[in-house]
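Here is what each chain is made of, one letter per residue.
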Amino acid sequence: MATVELRFSAQPEHVRTARLVAAAVARRAGVDEAVLDEVRLAVGEACSRAVGLHRSHGITAPVRVVLTEDEKNFSIEVGDGVTGTGGGGAGGAASDAPEGASSGDLYDGDAEGEDEMGLAVISGLVDDVEVTTGDDGGVIRMSWPTTTAVTLS
């Protein structure tokens, strides 16, 4: 099992590099050429989402992308480093919240809408996708079959 790990500062200009690396590694892993655009777009969406979350939450840790090739599939994990449910609260103290709003509601509504839209785009591009949140932050896991797996089955 071959693994490539990419870490980059949460700057939008680095998302293009992540897309290019993901497409190159996916091609080498044996992902069908017809699917490479979907890989590139899905990684771009996941990385853009992670960059946005890092920037809106003031996280200085790098965005983490892990690309893994095994016998039957190629998978990508994009970690955002935002802990808690719903990406956590952002910006301002609880006293800045409108009356009746919880601290989780402080998460910018526009950013939350963009987050949901990005996840919808990823779900439309990738058949096998999983979004989780843990103590180390959120992770989007995506995988595609390789051509060797398709010919073997």
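In this text, all values refer to a predicted model and were calculated from it rather than measured experimentally.

What counts, and at which threshold
Residues numbered from 1 in each chain as written. Predicted model: local features only at pLDDT ≥ 70, side-chain atom pairs only at ≥ 80, totals over all residues. Heavy atoms only, no water. Helix = DSSP H or I, 4+ residues; strand = E, 2+ residues; numbered from the N terminus. Buried < 20%, exposed > 50% of the residue type's maximum accessible area, 1.4 Å probe, protein only. Contact = heavy atoms within 4.5 Å. Pairing = 2+ DSSP bridges. Axes fitted to C-alpha atoms, helices over the stretch in contact; angles between N-to-C directions. pLDDT = per-residue confidence, 0-100. Left-handed = near helix turned anticlockwise from the far one by under 90°. Nonpolar A, V, L, I, M, F, W, Y, C, P; charged D, E, K, R; others polar. Expected span 1.5 Å × (residues − 1).

(A) Fine view of the environment of Trp144. Structurally, the position occupied by Trp144 is in strand 5 (residues 137-145). Relative accessible area serves as the criterion here: at 5%, Trp144 is assigned to the buried category. Here the alpha-carbon distance between Trp144 and Glu38, two residues 106 residues apart in the chain, equals 9.9 Å. Leaving out residues up to four positions away in the same chain, Trp144 has contacts with Val35, Val39, Ala42, Lys72, Asn73, Phe74, Ile76, Leu125 and Val126.

(B) Just the pairing of strand 4 (residues 128-134), in detail. As judged from the 7 bridges shared by strand 4 and strand 5, these two strands associate in the antiparallel manner. Across the sheet, the residue bridging to Val131 is Ile140, located in strand 5. Counting the residues between successive antiparallel strands, the hairpin from strand 4 to strand 5 contains 2 residues.

(C) Here's a closer look at the sheet that holds strand 1 (residues 2-8). One open sheet holds the 5 strands; their spatial order is 1-2-3-5-4, and the pairing between them is antiparallel. One side of each edge strand has no neighbouring strand; the edge strands of this open sheet are strand 1 and strand 4. Put simply, the sheet's adjacent strands are angled 15° from each other on average, direction ignored. The strands that helix 2 (residues 36-57) touches are strand 1, strand 2 (63-69), strand 3 (73-79) and strand 5; relative to strand 3, the one it contacts most, it runs at about 15°.

(D) Just the confidence of the model for the chain, in detail. Per-residue pLDDT for the chain has a mean of 81; in total, 75% of the residues score no lower than 70. Between residues 85-109, whose pLDDT stays under 50, and residues either more than four places distant or in other chains, the model counts 22 contacts.

(E) Looking closely at the packing of helix 1 (residues 15-29) against helix 2. Between helix 1 and helix 2, the shortest axis-to-axis distance is 8 Å and the interhelical angle comes to 145°. Crossing angle aside, the handedness with which helix 1 passes helix 2 is right-handed. Facing helix 1, whose interface residues are Val15, Ala18, Arg19, Ala22, Ala23, Ala26 and Arg27, helix 2 presents Leu36, Val39, Arg40, Val43, Gly44, Cys47, Ser48 and Val51. For the contact of helix 1 with helix 2, the class distribution of residues is 10 nonpolar, 2 polar and 3 charged.

(F) Region of interest: helix 2. A rise of 1.5 Å per residue sets the reference length of helix 2, with its 22 residues, at 32 Å; its end C-alpha atoms lie 31 Å apart and thus fit the reference within 8%. A positive phi of about 65° marks Gly58, the residue just after helix 2.

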